[in-house]
Amino acid sequence: MNGVAPARAVAFEILLKVERSAGNSDELLYQPAVARLSSQDRNLATNLVMGTLRWQIALDTRITALLTRPNTQLDPVVKIALRLGAFQLLYLDRVPVYAAIGESVELAKGTANKFAAGMVNAILRKIAAQPKPGATSGIIKTADLAEAFAHPQWLVERWVKNFGLQTALRICEYDQQPAPVFVRLMTRDAEQALLQEAIELAPGNFLVNVRRVTSGDVSATTALKNGRVRIQDEGSQLIAEIAGHGMRILDACAAPGGKTAILAERNPDASIIACDVSKRRLAKMQQVLQNTSYGPGINFKLADAATLTLRPEFDLVLCDAPCSGTGTLARNPEIRHRLRPEELKRQYDRQVAILNCVMGGIKAGGRLLYSTCSLEPEENDLVVRECLNRRDDFEMIRLDQEIERIAGAGVLHAEGADTLRATTLVNGCLRTLPGVHACDGFFAALLVRPA
Ligand SMILES: C[S@@+](CC[C@H](N)C(=O)[O-])C[C@H]1O[C@@H](n2cnc3c(N)ncnc32)[C@H](O)[C@@H]1O
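As recorded in an unreviewed UniProt entry, the protein chain goes by Methyltransferase domain-containing protein and comes from Alloacidobacterium dinghuense. Taken directly from UniProt, the Sequence similarities (unreviewed entry) text for the protein chain runs: "Belongs to the class I-like SAM-binding methyltransferase superfamily. RsmB/NOP family."

This is the structure:
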């Protein structure tokens with residue numbers, strides 16, 4: 001693309017794919033075109049993609065108000081050129097106005113519409129002259145909260161109803177910031193190795209083996225390449241730690257394998273079946289995990305966990321179910337644009353089918369951890385309650401005692417254990433909330449089949 005800086009050209013292509021539902025931002029940002037960029041351009045491309053998606057609702061409101069015919073369906077190329085330009089003008093301080101406008105005009109020339117470039121130029125000039133988004137303090141209405149933080153109103157209404165306005169505000173604030181990067185230290189010298197590569201670290205929220213990256217690009221380090229560290233959200237790691245121990249383990253919805261890796265690390269002598277319905281995701285996971293020191297204990301199985309034929313032979317099942325992902329909007333900002341309220345019922349049906357099926361694989365005395373990265377009760381408590389109602393050979397165990405178990409085993413640091421005890425236990429289940437906790441939102445419930 002003539003006259004367009006590499007970072008903006010890459011960001012534009014990724015945003016276009018996301019708009020056309022041809023991929024997810026987090027995966028697309030790991031493609032070779034991004035890896036080939038300089039570290040500075042990679043950061044800019046990432047900021048442009050994630051920021052534009054995070055603020056899309058607010059950007060579209062401004063853009064629509066300036067269209068001559070606000071109901072016109074814009075060509076996706078024009079839409080993305082406008083969003084990308086408006087995002088830089090309104091939310092980035094260091095981008096010169098001429099670059100934000102001029103390069104969006106160049107991008108808009110990629111359409112057959114010969115008037116598109118002129119329209120993009122005119123609209124972005126008007127946006128450049130508008131005041132930047134104002135302060136967000138003093139919000140007391142749900143609609144204002146949704147608008148100020150560029151979230152769908154229906155979603156914020158649910159959170160206000162379920163968690164209260166202040167907590168909904170914290171979730172929305174968290175979603176609008178880059179998600180923290182957490183690393184798991186896999187070797188004793190891992191922390192030192194990262195420090196030598198100019199990566200600055202702070203302690204994790206809960207887990208002894210976790211560090212939060214405060215400065216530097218871990219993805220470019222040798223420590224990551226040679227397996228001294230892994231990148232994984234701390235909430236996700238916590239779920240896998242709580243899942244616990246077994247000799248025969250089924251990870252029913254396993255890809256991309258973050259939790260499988262911890263199960264394997266914590267249960268080195270176990271036989272683990274890692275199952276996923278997606279061939280592509282399973283293959284990618286297999287490629288990553290089979291070359292690790294803990295890979296040999298894992299058998300990879302392509303299967304639909306809702307229809308598996310299982311004998312009751314597992315002493316541990318992790319059912320990390322597919323879900324709406326509303327606990328991960330900071331990491332996956334486009335979820336809010338794709339999700340519809342009616343989708344939650346479809347998720348519930350699928351989750352009930354999967355959980356109900358994998359409960360059949362638990363032997364007497366065995367345990368099953370059900371988890372999601374959704375904040376919605378329909379995908380969490382209600383799924384568990386429905387599956388427990390369907391049979392009488394399972395009971396739910398409060399996770400308080402599991403927190404004590406992993407605290408006693410030295411997995412949690414003292415402050416982390418206190419935070420978990422005080423803020424995450426709801427009706428015996430575990431719930432992390434983005435913004436309340438500095439990690440993704442997770443839910444977990446532990447079911448056991450008494451011996
Ligand atoms: C939340 S992700 C799992 C994340 C994974 N446990 C980890 O920690 O990396 C859910 C996974 O479930 C898979 N999935 C969706 N429907 C499934 C089904 N019916 N059976 C098995 N896996 C399924 C998806 O392909 C996706 O990889």
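> Explain the domain arrangement of the protein chain to me, and be specific about the residues and the numbers.
Segmentation of the protein chain into domains returns domain 1 (6–129), domain 2 (142–175), domain 3 (181–230) and domain 4 (233–448). Each of domain 1 and domain 4 was reduced to a C-alpha centroid, and the two centroids are 36 Å apart. When the two sides are added together, the surface that domain 1 and domain 4 hide from each other amounts to roughly 930 Å², 38% of it contributed by carbon and sulfur. Our enumeration of links across domain 1 and domain 4 arrives at two salt bridges. Taken together, the connections running from domain 1 to domain 4 amount to eight residue pairs in polar contact (both at pLDDT 80 or more). Of all the secondary-structure elements, those providing two or more residues to the side of domain 1 that touches domain 4 are helix H2 (25–28), helix H4 (39–54) and helix H5 (56–66).

> Run through the nonpolar core, naming residues and quoting values.
Residues Phe12, Ile14, Val49, Leu82, Val120, Leu124 and Ile127 are the most contacted members of the largest nonpolar core, which totals 50 residues. When contributions to this core are tallied by element, the ones reaching two or more residues are helix H1 (6–19), H4, H5, helix H6 (76–91), helix H7 (97–108) and helix H8 (116–129). Of the residues forming this core, the biggest block, 10 residues, is contributed by H6. In contact with valine 49, other than residues within four places in its own chain, are Ala11, Ile14, Leu15, Ser25 and Leu29. Core analysis: the next-biggest nonpolar cluster, separate from the first, contains 42 residues, Ala254, Leu289, Phe300 and Leu369 among them.

> Break down the UniProt feature "binding site: S-adenosyl-L-methionine" (unreviewed entry) in the protein chain for me, with residues and values.
Following the UniProt record, one finds the feature "binding site: S-adenosyl-L-methionine" (unreviewed entry) at Cys253, Ala254, Ala255, Pro256, Gly257, Gly258, Lys259, Asp276, Asp304 and Asp320. Turning to its location among the elements, proline 256 is positioned in the loop between strand S5 (248–251) and helix H15 (258–266). Excluding anything up to four places from it in sequence, proline 256 contacts Arg281 and Met285. Tracing the backbone shows aspartate 304 in the loop between strand S7 (298–302) and strand S8 (314–320).

> Before we move on, could you go through the site of the ligand and cite the residues and values that matter?
Taken together, 20 residues are adjacent to the ligand, and Asp276, Arg281, Asp304, Ala305 and Asp320 come closest. The contact in question runs from an oxygen atom of the ligand to an N or O atom on the side chain of arginine 281, over 2.7 Å. The separation between a nitrogen atom of the ligand and a polar side-chain atom of aspartate 320 is 2.7 Å. Within the residue set of the shell around the ligand, elements represented by two or more residues are H15 and helix H18 (343–359). Partitioning the shell around the ligand into residue classes produces 11 nonpolar, three polar and six charged.

> Give a detailed account of the pairing of strand S6 (residues 271–276), specifying residues and quantitative values.
Within S6, five of the six residues are buried, which leaves the element mostly enclosed by the surrounding structure. In this structure, S5 lies alongside S6, joined through four bridges in parallel fashion. Note on S6: the bridge partner recorded for leucine 250 is isoleucine 273. Bridge count for S6 against S7 is five bridges, and the pairing is parallel. Its bridge partner being in S7, aspartate 276 is matched across the sheet by leucine 302. Traced from S6 through helix H16 (residues 279–289) to S7, the parallel crossover comes out right-handed.

> With reference to specific residues and values, describe the packing of aromatic side chains.
This structure, assessed with the given rule, holds three aromatic pairs. For the pair phenylalanine 87 and tyrosine 91, a centre-to-centre distance of 5.7 Å together with 20 degrees between the ring planes defines the contact as stacked. Note that phenylalanine 87 and tyrosine 91 are positioned in helix H6 at a spacing of four residues, about one turn of the helix. A relative accessible area of 4% places phenylalanine 87 in the buried class. Residue classification places tyrosine 91 among the partly exposed positions, given a relative accessible area of 23%. Taking 6.5 Å as the distance between ring centres and 65 degrees as the angle between the ring planes, the aromatic pair formed by tyrosine 370 and phenylalanine 443 counts as edge-to-face. With tyrosine 370 in strand S9 (residues 362–372) and phenylalanine 443 in strand S13 (residues 443–448), the pair connects residues that are 73 residues apart, well separated along the chain.

Each value, and the rule that gives it
Residues numbered from 1 in each chain as written. Predicted model: local features only at pLDDT ≥ 70, side-chain atom pairs only at ≥ 80, totals over all residues. Heavy atoms only, no water. UniProt positions renumbered as here; feature names shortened; annotations may be inferred. Domains from an automatic or database assignment. Buried area = accessible area lost by both parts, 1.4 Å probe. Salt bridge = Lys/Arg side-chain N within 4 Å of Asp/Glu carboxyl O. Polar contact = N/O pair within 3.5 Å; in protein donor to acceptor, adjacent residues only side chain to side chain. Helix = DSSP H or I, 4+ residues; strand = E, 2+ residues; numbered from the N terminus. Core = buried A, V, L, I, M, F, W, Y, C linked by side-chain atoms within 4.5 Å. Buried < 20%, exposed > 50% of the residue type's maximum accessible area, 1.4 Å probe, protein only. Contact = heavy atoms within 4.5 Å. Near = heavy atom within 4 Å. Nonpolar A, V, L, I, M, F, W, Y, C, P; charged D, E, K, R; others polar. Pairing = 2+ DSSP bridges. Right-handed = clockwise from strand over helix to strand, strands pointing away. Phe/Tyr/Trp six-rings, centres within 6.5 Å; stacked < 30°, edge-to-face > 60°.

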